[in-house]
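The primary structure of each chain is shown beneath.
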Amino acid sequence: ADILCINLVDRSATSTIINAAIDKNIPVIFFNRQPVESDLNRWEKLYYVGADAQESGRLQGQIAASWLRSHPEADRSHDGIIQYYILEGEPGHQDTIIRSETSVDTLSEAGISLEKTGYAICDWQKEKAQEQTASLIENGTYFELLICNNDEMAAGAVQAYQDAGIPEDQRPAIVGVDGTDEGISLVRSGEIIGTVYNNYKDQAEMIYRLADALMNHKNLQEFNLQNGHSYFSSYQKMTSDNVSSFGNQ
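Residues numbered from 1 in each chain as written. Predicted model: local features only at pLDDT ≥ 70, side-chain atom pairs only at ≥ 80, totals over all residues. Heavy atoms only, no water.

**Q** Explain the overall build of the chain to me, please; I cannot follow it from the model alone.
**A** What the chain contains, in helices and strands, is eight helices and ten strands. Against the globule reference of 18 Å for 249 residues, the chain gives a C-alpha radius of gyration of 20 Å, in line with a compact fold. Along the three orthogonal principal directions, the C-alpha set of the chain runs to about 60 × 35 × 35 Å. Considering the chain as a whole, with its 249 residues, one finds that 50% of them fall into the buried category. Counting contacts in the chain only where the partners sit at least 6 residues apart, residues at least 24 apart contribute 73% of the total. As displayed, the chain offers around 11900 Å² of accessible surface, 45% of which is attributable to carbon and sulfur atoms. Each charge class in the chain was averaged separately, 18 positive and 37 negative side chains, and the resulting centres sit 6 Å apart. (Helix = DSSP H or I, 4+ residues; strand = E, 2+ residues; numbered from the N terminus. Rg over C-alpha atoms; globule rule 2.2 N^0.38 Å. Buried < 20%, exposed > 50% of the residue type's maximum accessible area, 1.4 Å probe, protein only. Contact = heavy atoms within 4.5 Å. Areas by Shrake-Rupley, 256 points an atom, 1.4 Å probe, with all protein chains shown as cover. Lys, Arg positive; Asp, Glu negative; His and termini not counted. Charge placed at Lys NZ, Arg CZ, Asp CG, Glu CD.)

**Q** Would you explain the packing of helix α3 (residues 53–70) against helix α4 (residues 94–109) in this entry?
**A** Working note: a packed helix pair is described by the angle between its axes plus the distance between those axes. As a packed pair, α3 and α4 sit with axes 7 Å apart at the nearest point and diverge in direction by 35°. At the point where α3 passes α4, the crossing takes the right-handed sense. From α3, A53, Q54, S56, G57, R58, Q60, G61, Q62, A64, A65 and L68 reach across to α4, where they touch Q94, D95, I98, R99, T102, S103, T106 and L107. Per-class residue counts for the contact of α3 with α4 are six nonpolar, ten polar and three charged. (Axes fitted to C-alpha atoms, helices over the stretch in contact; angles between N-to-C directions. Left-handed = near helix turned anticlockwise from the far one by under 90°. Nonpolar A, V, L, I, M, F, W, Y, C, P; charged D, E, K, R; others polar.)

**Q** Would you take a moment to explain the pairing of strand β5 (residues 114–121) for this structure?
**A** Two faces make up the sheet, and in a regular strand the side chains alternate between them. Relative to β5, strand β4 (residues 82–88) is paired through seven bridges, and the arrangement is parallel. The partner of Y85 across the bridge, within β5, is G118. For the crossover from β4 across α4 to β5, the handedness is right-handed. (Pairing = 2+ DSSP bridges. Right-handed = clockwise from strand over helix to strand, strands pointing away.)

**Q** Would you mind showing me how to read unusual backbone geometry here?
**A** Negative phi values dominate among residues other than glycine, just as trans dominates among peptide bonds. Unlike most non-glycine residues, D178 shows phi in positive territory, near 135°. When you line up the elements, D178 lands in the loop between β7 (173–175) and α7 (181–189). One non-glycine residue with positive phi stands out, namely N224, at about 50°. Along the chain, N224 falls in the loop between α8 (200–215) and β9 (230–233).

**Q** I'm lost on the sheet that holds β4 in this one. Help?
**A** The strands making up a sheet associate through backbone hydrogen bonding, with each pair oriented either parallel or antiparallel. Reading across the sheet, the four strands line up as β5-β4-β6-β7 and stay open at both edges, with parallel pairing between neighbours. The outermost strands of the open sheet, each flanked by one partner alone, are β5 and β7. For this sheet, the mean angle separating the axes of adjacent strands, direction not counted, is 20°. Sheet strands touched by α3: β4, β6 (145–148) and β7. Its angle to β6, the strand with the most contacts, is close to 165°. This element, helix α6 (residues 151–163), spans β4, β6 and β7 of the sheet and lies at about 155° to β7.

**Q** Can you help me understand α3 in this one?
**A** Owing to its 3.6 residues per turn, the α-helix brings residues three or four apart onto one side. Between its terminal C-alpha atoms α3 stretches 26 Å, which fits the 26 Å expected from 18 residues at 1.5 Å a residue. Those residues of α3 that fall on the buried side of the exposure criterion are A53, E55, S56, G57, L59, Q60, G61, I63, A64, A65 and L68. Two to three positions downstream of the cap, the backbone nitrogen of Q54 sits 3.0 Å from a side-chain oxygen, assigning the N-cap of α3 to D52. (Expected span 1.5 Å × (residues − 1). Polar contact = N/O pair within 3.5 Å; in protein donor to acceptor, adjacent residues only side chain to side chain.)

**Q** Would you mind going over the side chain of K126 with me for this structure?
**A** Residue placement: K126 occurs in helix α5 (residues 126–139). K126 gets classed as buried once you look at its relative accessible area, which sits at 19%. There is a polar contact of 2.8 Å between the side chain of K126 and the side chain of E182. If near-sequence neighbours (up to four positions away) are discounted, K126 is found in contact with E152, A155, G156 and E182.

As structure tokens, this is what we get:
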């Protein structure tokens, strides 16, 4: 191979890949799951293309905080505290951990009083989120905000409420991440309060351009890589106020 583009299964177990790449002098572009910084620094031909998980959580928290401030009726228990539940992605994935923590921290910093009702691992999947949310509905688990690590899980939650015949004004506020076509549609319909657009097209283009530059021994200065190794595309908040400007992604 001239170059390897790798989406890690386990971001903490990259040594075998890196050792083999160094041995064969093959550059590696990691994407989606970010290796730890010390691994990327082992060799000058290791790179990462992705997005900043902390930024996605911060923007998600801002969306939720802004919506809650303008919709005091969201506190259906009238106790001054927003009970929340989190549908999380993949165990050990940096986006799962960082999105969840940063979203909640941002809400707290915005002055929203919070109480965690619980969380569930749904592996980024719509079907698992639908099943989990249906179980929460059946068990009468109470929460006023549902934080989802991605739009697939947000869509699964919405489907569960639709199937249960629960009207929108009796559901918790639901917020996602990614800005998928389905996520955009749910923002437009008002069934989720917002999502955070993950510019996957920009990341795909950067992987291609970086691979081309490495294969053809071009200068990499134009890419402005952080620490000479990493490229992060920017997230964008997507709510009812601006969703029409995104179109179908």
